Each structure stands twice: as C-alpha cells, then as structure tokens.
Amino acid sequence: MDKDYNINPNEDTPPFFKSWKGMYWLVIGNLIAMVALFYWLTLYYS
Amino acid sequence: MSTADWIVLFGTLFLIVAYGVYKTRGSRNIEGYFKGDNSMKWWTVGLSVMATQASAITFLSTPGQAYEDGMRFVQFYFGLPLAMVILSVTAIPIYYHLKVYTAYEYLEKRFDLKTRTLAAFLFLVQRGLGAGITIYAPAIVLSTLLGWDLSATCSFIGILVIIYTVSGGTKAVSKTQKYQMAVMMGGMLVAAFVIIDLLPEEVSLGNALDVAGSMGKFNVVNFSFDFTDRYNFWSGITGGLFLALSYFGTDQSQVQRYLSARSITQSRLGLLMNGLLKVPMQFFILFVGVLVFVFYQFYQPPLYFIEGNLDKIEQSSYAREWQALEQQHAETFALKKQEIQGFLRAKEQNDQPAMASQKEKVEQLNQQVAEIHTQAQTLVSRAVPEAETEDTDYVFLHFVVTNFPAGLVGLLLAVIFSAAMSSSASELNALASTTTVDLYKRSVKKEGSELHYLWASKFFTLLWGVIAMLFATFASLADNLIEFVNIVGSIFYGTILGIFLVAFYIRYVQSRAVFIAAILSEAIVIYLFFTTDIGFLWFNVIGCSLVVALATTLQWVIGRKAQ
C-alpha cells in the first residue's frame, strides 16, 4: 500500500466488528462457505 | 403483450425516471454532478455498484447460459469478493485522500499527464463500446422477440437514460439504481416462483432439481485446471479476481459510484456489500435459467427460440427440411420426457440401477436433441444468412413472453429495461466525467468557471449518450452477449490494472517505463486474442502481468542507461 498517504489510524470502525479485518474475514468466509456449498451441490448431483 | 403488461412496464420506467429527475435537480458544480456532493450512504453505494454491473445482458444472457451450459458460469464471480476486500484496503483510501474525481487523475500525480491520458483513453474506448452494447443487447432481443423496431427500442432506452443522467448526474444515477435493483431482483424472484408454479403438478421442486442434476446442470464448481476452459474455479479465482480488481478499481463507471459515498467507511461498506451479495445473486439468476430448462423437459421447447426468423425459414427453399427437423425434435422430446418421468419414478422407489439406466437414456436423448438443434442452426444460417443462429440469449425472454400471465410479462420487461438503464446511466456518467476531468478540463480548457464545466459535463453526458445510441443502432452481435461484453473488457482491463498496480505498489517504476510497457502489453494481448484459444478471463492476468514485468524491466534498463 502506498505509504505516502497518511491514512488516519482512527478511521471509523465498521458496524458489528472492532476492526475492518473482521469485515474482510466475513466477506472471505462467506465466499469460502458458498464455494463449499456449491461444490457439495456439484458432487451431490454428479 | 396485454394492456396490463404495457401499464406495468411504462409505469415502472416513467416513475423511476421522473423520480430521478425530480429528486436530483439543481447541481451547482461538477463536485455535485460527478461526486453527488459525497452524500451517499453505504447501501445506496452498494446497490449502485451492483446495479451498474448487472446490465440487461445479465438478465437475458445468464439464464440462457444456465439453460445451455449449466451453472458453472457462477465461477466467473469467485474472484469478486476478494477484489472488494483488496480495493477496500488499497484503492479507496488513496482515492479519498487525493480527492480525485476520476481514477485516472491519480495516475498523473503518480506518473505524468501522458500516462493519465493513455489510461483515460483506453477506458473511453473500452467503455464507449460497452455503453453501446449495453443498449443494443436488450434492444435486439426485444426487437426480435416482440417485433419492436430496433432503432426505436435503442432510442427509447437511450433517451430515458439521457434524461435523468444529464439532469441529475451521479446523484440521479445512484438514487434511481436503488429502485431499479428492487425491480430487477423482485422481478426475478417472482419469475422463479411462477416457473415453479408452472411445472406439472406431479413434478415437485425436488423432482425439478433431480432432473436438472441428472442432466448436468449443477456443474457449479470445477477444480480441474484447464487453461482453455472458460469457467472453472482457477480461472474464476485468478482471472476473475484480476478482472474484478480492474473493473471495480480502475473503471470509472464503478469508481464513480463509490467515490460519491459520504466517507471511506461508507464507501468500503458499499463495496463489501457487493462482495457478500454478488455471488449469491448470480447463482440465483443462473438457477432461474435451470428452472426454465427443467420446464422445457416437460413442455416442448421451440426448435429455435428466435421466432422472428421462423416466417422467413418457412418461406425459403429449406421449409421442408425445417418441418422434418421439427417433427424429429417433437418425437425426440416426447421420448426424452418419458425417460425423464421413468427416472423420477425410479428415484421415488430409490431404485439405483433403474435410475442409472434411465439417466443414461436421458443423456443419449439429450445429445440427440442437441444435434437436432445444431442442424436447425445450420439450416437457419442457410435459409436466412443474416439471422443470428445462436439463440441462448432468447431462451429466457421467449419463455416469459409465451408462458407468464398478463402483467408479469410487463414486470419482467421492466426488469430488462431497468437493468439496461442502470448500467447505461453509470457508463454515461463515467464517460462524461473522464472526458470532462481527464481530457477537457486538464488539457483543453484549463481556466473555466464551475458553471462552464458543469455545462460541459452535461454536454458530454448527452454526447456519449448519443454515441452509445448510434453505436447500438449499427452494432452487430456476438454469440453470447454476456461473454462478448466480458471479452471486450478483458482485452483492455488487464493493461489498465497493470498500470494501477505499478502505480500503487512499485514505486521504483517511473512514467516513461510504464507508458511504453502499457502500449506493448496492450498490443501483445490483442495479438494473443486473435491468434490463440486462451480463455478470455486469462487476458486480464496476462495483460496485467505483462505491464508489471515490462515496466519493471524497462525501468531497470532506463536506470542503467542513465547511469
């Protein structure tokens, strides 16, 4: 990430999580869960 | 179409347009016109981002994809959630802190004016083509299926979009997109329930899923690695990731949506909302296509879905051959239906050997149906040379028009129009902002008043709207609309993304190296596209990698020469 831009470390936190990392893991976790579900669907009907 | 359909269709469209014009009148400067005074909340941003991507092509072509090829197309979107996370971490803070109007403004701060201009130019070419296709695609399908005049349909869509986009700028686009998304998803949900209701009484939803599964439609995820395979997990998670990074991070039609948010937080939440909802949304739209497929296992589908061409075929010298094919199609369909019903009986009795035997028979008959369809396409190309032979984009709308009750046809058409308008509006808004900010204000008229630039913005919005309408009226169509749009994108996006990746992460590289690298990379990608069978998603990775590698190498060479 470009370090010349002084990102405010006290930037607002997202809802429900203490930090943005939690939100990011929610999105990634949601993707993993969907891929797992879709793969199960594929196997079940294959 | 019935009177109820016309009322629903035009009522929906005019209400949305009128709302957009009324609520967003009175922009005073280009900050308001292009950034909505930074007033949008995260859900407006999220819906706007989703509506911008979900054009009419999504709703026409995606169900047809599932009908023809199963649900594997959903893998194309697997990289998108990862891209939303990456952009939330990297691009959004940078754009906000620099207070840019366009993504390409950042490139001048990082490199120089010519790199900014090159990236803006690549965007204008690629998105300009895209804007025309966004209008043309639904227009040609509607024109062919419903007999509407093509030019009039293109003009109707274009004029509606121009009215509220010119009037209200970004705010009008975002506010109308909320309601357009509601119409789109609400309409598709209604469609799903109607299709399930239309299935024969003896066929439950579970039976429908079994039929679809036995015929290979639930081929959702494929982990095998095949460079030439358009859709598998790996092309989605890598090629799809690069495409999404480029589209959402560097394409002004998306960047402008989240730059209008109130804050970095609202902007991030909007993108992450897209990251959470996009894949399930696409899965659902594909699933609707699968339901249509199942319907047509119990009710005979037409041999060829583009019925507008049937008269010409039946009046040609191939009429007899066509009738023979239709007869063969009907007989094969009847046999297949019997075997499918046999499969369902065997499943009910949990008779595994019988199920396997029936499944094999169904597969063979399905193969015969596919061959008959291919023969039909060959006949069409001979009887009506100018006709489109690939009819997957017409499957869903044909199904709606011939099977839905009065009023709901109008609703589904409103879905198509809303989708076309929501994407077109974002595109015109973005084309105008890039033209105004990156070209006109930066290089042509540098000392103008705010009012002058505001009027210039409106003029460029109108100009691009007219160009898009003209292009739509004269464009010709590829085999599958949604693939064509993504192919065009993939040819340009990799290079643009490469420029931005170098800008963000490789501080060592300066303007001359990246400029030359970008031009070389674009030339190589175009050459590879026309001379190889590489799946189009991979061009995003190739273009981007080439820019990064060439720019780094060239900078080293330039540095050594300087020494």
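Residues numbered from 1 in each chain as written. Chains lettered and ligands numbered in written order. Predicted model: local features only at pLDDT ≥ 70, side-chain atom pairs only at ≥ 80, totals over all residues. Heavy atoms only, no water.

### Some details on the overall build of chain B
Working step 1: Regarding its fold elements, chain B presents 22 helices and zero strands.
Working step 2: Taken against the 2.2 N^0.38 rule, which gives 24 Å for 563 residues, the C-alpha radius of gyration of chain B at 25 Å falls within 12% of a compact globule.
Working step 3: Classification of the 563 residues of chain B by burial places 62% in the buried group.
Working step 4: Nonlocal contacts in chain B, meaning residues at least 24 apart in sequence, comprise 86% of its contacts between residues at least 6 apart.
Working step 5: Accessible surface, chain B as shown: approximately 20500 Å² in total, 60% of it carbon and sulfur.
Working step 6: Of the side-chain charges in chain B, 39 are positive and 41 negative, and the distance between the mean point of each set is 18 Å. (Helix = DSSP H or I, 4+ residues; strand = E, 2+ residues; numbered from the N terminus. Rg over C-alpha atoms; globule rule 2.2 N^0.38 Å. Buried < 20%, exposed > 50% of the residue type's maximum accessible area, 1.4 Å probe, protein only. Contact = heavy atoms within 4.5 Å. Areas by Shrake-Rupley, 256 points an atom, 1.4 Å probe, with all protein chains shown as cover. Lys, Arg positive; Asp, Glu negative; His and termini not counted. Charge placed at Lys NZ, Arg CZ, Asp CG, Glu CD.)

### Let's talk about the pattern of salt bridges
If charged atoms from side chains of opposite charge come close, those side chains can pair.
Working step 1: Inspection of the entire model under this criterion finds nine salt bridges over all chains.
Working step 2: The network of salt bridges with shared partners includes Glu108, Arg116, Asp438 and Arg442 of chain B. (Salt bridge = Lys/Arg side-chain N within 4 Å of Asp/Glu carboxyl O.)

### So, the side chain of Ser521 of chain B
Working step 1: Along the chain, the position of Ser521 of chain B falls in helix α21 (residues 511–531).
Working step 2: In this view, Ser521 of chain B contacts Thr495, Gly543, Leu546, Val547 and Leu550 of chain B; residues no more than four positions away in its chain are not counted.

### Points about the packing of aromatic side chains
To describe a pair of aromatic rings, you give the distance between the ring centres and the angle between the ring planes.
Residues and elements named next belong to chain B.
Working step 1: In the structure shown here, the tally under the stated rule is 50 aromatic pairs over all chains.
Working step 2: Taken together, a centroid distance of 4.9 Å and an interplanar angle of 90 degrees make the contact between Phe233 and Trp234 edge-to-face.
Working step 3: Since its relative accessible area comes to 13%, Phe233 is described here as buried.
Working step 4: A network of ring pairs unites the aromatic residues Tyr67, Phe293, Phe295, Tyr296, Tyr299, Phe305, Phe399 and Phe404 as a single cluster. (Phe/Tyr/Trp six-rings, centres within 6.5 Å; stacked < 30°, edge-to-face > 60°.)

### Some thoughts on helix α19 (residues 450–474) of chain B
Residue and element names in this part refer to chain B.
Working step 1: Taking 1.5 Å per residue, 25 residues should reach 36 Å; α19 reaches 36 Å between its end C-alpha atoms and fits that length.
Working step 2: Of the residues making up α19, those classed as buried are Tyr453, Leu454, Ala456, Ser457, Lys458, Phe460, Thr461, Trp464, Gly465, Ala468, Met469 and Ala472.
Working step 3: Residues of α19 that are buried sit in contact with α2 (30–35), α8 (113–146), α9 (150–198) and α18 (408–444). (Expected span 1.5 Å × (residues − 1).)

### Examining unusual backbone geometry
Residues and elements named next belong to chain A.
Working step 1: The phi dihedral of Phe16 falls on the positive side, at around 70 degrees, and the residue is not glycine.
Working step 2: Structurally, the position occupied by Phe16 is in the segment before α1 (20–45).
Working step 3: Among the residues examined, Phe16 registers a relative accessible area of 83% and is labelled exposed.

### Some thoughts on a nonpolar patch on the surface
Working step 1: A cluster of nonpolar side chains, Tyr39 and Leu43 of chain A together with Phe223, Phe225, Phe227 and Trp234 of chain B, forms an exposed patch at the surface whose accessible area comes to about 580 Å².
Working step 2: Relative to the elements of secondary structure, Leu43 of chain A occurs in helix α1.
Working step 3: Judged by relative accessible area, which is 47%, Leu43 of chain A ranks as partly exposed. (Patch = residues over 30% accessible without salt bridge, like charges linked within 9 Å, V, L, I, M, F, W, Y side chains within 5 Å.)

### Considerations on the interface of chain B and chain A
Working step 1: Facing 38 residues of chain B, the contacting portion of chain A comprises 26 residues.
Working step 2: When chain B packs against chain A, the two sides together hide about 2900 Å² of surface, and 75% of this comes from carbon and sulfur.
Working step 3: Along the contact surface separating chain B from chain A lie zero salt bridges.
Working step 4: Counting every contact that joins chain B to chain A gives three residue pairs in polar contact (both at pLDDT 80 or more).
Working step 5: Within the residue set of the side of chain B that touches chain A, elements represented by two or more residues are α5 (79–89), α6 (91–98), α10 (205–214), α11 (233–250), α13 (264–298) and α20 (481–505) of chain B.
Working step 6: With ten residues, α13 of chain B is the largest single contributor of residues to the side of chain B that touches chain A.
Working step 7: Of the residues contributing to the side of chain B that touches chain A, the split by class is 27 nonpolar, seven polar and four charged. (Buried area = accessible area lost by both parts, 1.4 Å probe. Polar contact = N/O pair within 3.5 Å; in protein donor to acceptor, adjacent residues only side chain to side chain. Nonpolar A, V, L, I, M, F, W, Y, C, P; charged D, E, K, R; others polar.)

### Thoughts on the domain arrangement of chain B
All names here are of chain B.
Working step 1: Here the domain parsing of chain B yields domain 1 (3–296 + 400–562) and domain 2 (307–387).
Working step 2: Using C-alpha coordinates to define each centre, domain 1 is positioned 36 Å away from domain 2.
Working step 3: At the interface, eight residues of domain 1 touch twelve residues of domain 2.
Working step 4: A combined buried area of about 900 Å² lies between domain 1 and domain 2, and 65% of that area is made up of carbon and sulfur atoms.
Working step 5: Of all residues in domain 1, the largest losses of buried area upon contact with domain 2 belong to Asp210, Ser214 and Met215, amounting jointly to 49% of the total for that side.
Working step 6: For the interface between domain 1 and domain 2, the tally reads one salt bridge.
Working step 7: When the shortest N-O distance is used, the salt bridge between Asp210 and Lys347 registers 3.4 Å.
Working step 8: Our enumeration of links across domain 1 and domain 2 arrives at one residue pair in polar contact (both at pLDDT 80 or more).
Working step 9: Per element, the largest residue contribution to the side of domain 1 that touches domain 2 is four residues, and it comes from α10.
Working step 10: Looking at the side of domain 1 that touches domain 2 residue by residue, the class counts come to three nonpolar, three polar and two charged. (Domains from an automatic or database assignment.)

### Regarding the confidence of the model for chain B
As a note on interpretation, predicted positions should not be read in detail where pLDDT is low.
Residues and elements named next belong to chain B.
Working step 1: When the pLDDT values of chain B are averaged, the result is 89; 98% of them are 70 or greater.
Working step 2: Taking the mean pLDDT of every element in chain B, the minimum, 83, falls on α20 and the maximum, 96, on α5.
Working step 3: If you check the scores for this complex, the pTM reads 0.88 and the ipTM reads 0.85. (pLDDT = per-residue confidence, 0-100.)

### Considering the packing of α6 of chain B against helix α12 (residues 252–259) of chain B
Residue and element names in this part refer to chain B.
Working step 1: One way to put it is that α6 packs onto α12 with a least axis distance of 11 Å and a crossing angle of 70 degrees. The angle between the axes of α6 and α12 places the two elements in the roughly perpendicular class. For the element pair α6 and α12, the recorded crossing hand is right-handed. Contacts from Ile92, Tyr95 and Tyr96 of α6 reach α12 at Val255, Tyr258 and Leu259.
Working step 2: Here the contact of α6 with α12 is composed, by residue class, of six nonpolar, no polar and no charged. (Axes fitted to C-alpha atoms, helices over the stretch in contact; angles between N-to-C directions. Parallel < 35°, antiparallel > 145°, perpendicular 65-115°, else oblique. Left-handed = near helix turned anticlockwise from the far one by under 90°.)

### Structural notes on empty space enclosed by the protein
Residue and element names in this part refer to chain B.
Working step 1: Evaluation of the coordinates by the stated rule reveals three cavities of 30 Å³ or more.
Working step 2: Roughly 80 Å³ of volume is contained in the second largest cavity.
Working step 3: Every residue lining the second largest cavity is listed: Ile86, Leu87, Thr90, Tyr95, Leu245, Gly249, Thr250, Leu497, Phe500, Leu501, Phe504 and Tyr505.
Working step 4: Going through the elements one at a time, α5, α11 and α20 are the ones with two or more residues in the lining of the second largest cavity.
Working step 5: Ranked by the residues each element gives to the lining of the second largest cavity, the list is headed by α20, at five residues.
Working step 6: Partitioned by chemical class, the residues of the lining of the second largest cavity number nine nonpolar, three polar and no charged. (1 Å grid on protein atoms, 1.4 Å probe; cavity = no way out; pocket = protein on both sides within 12 Å on 5 of 7 lines; lining within 4 Å. Points joined across faces, edges and corners; volume = space filled by probe spheres on them.)

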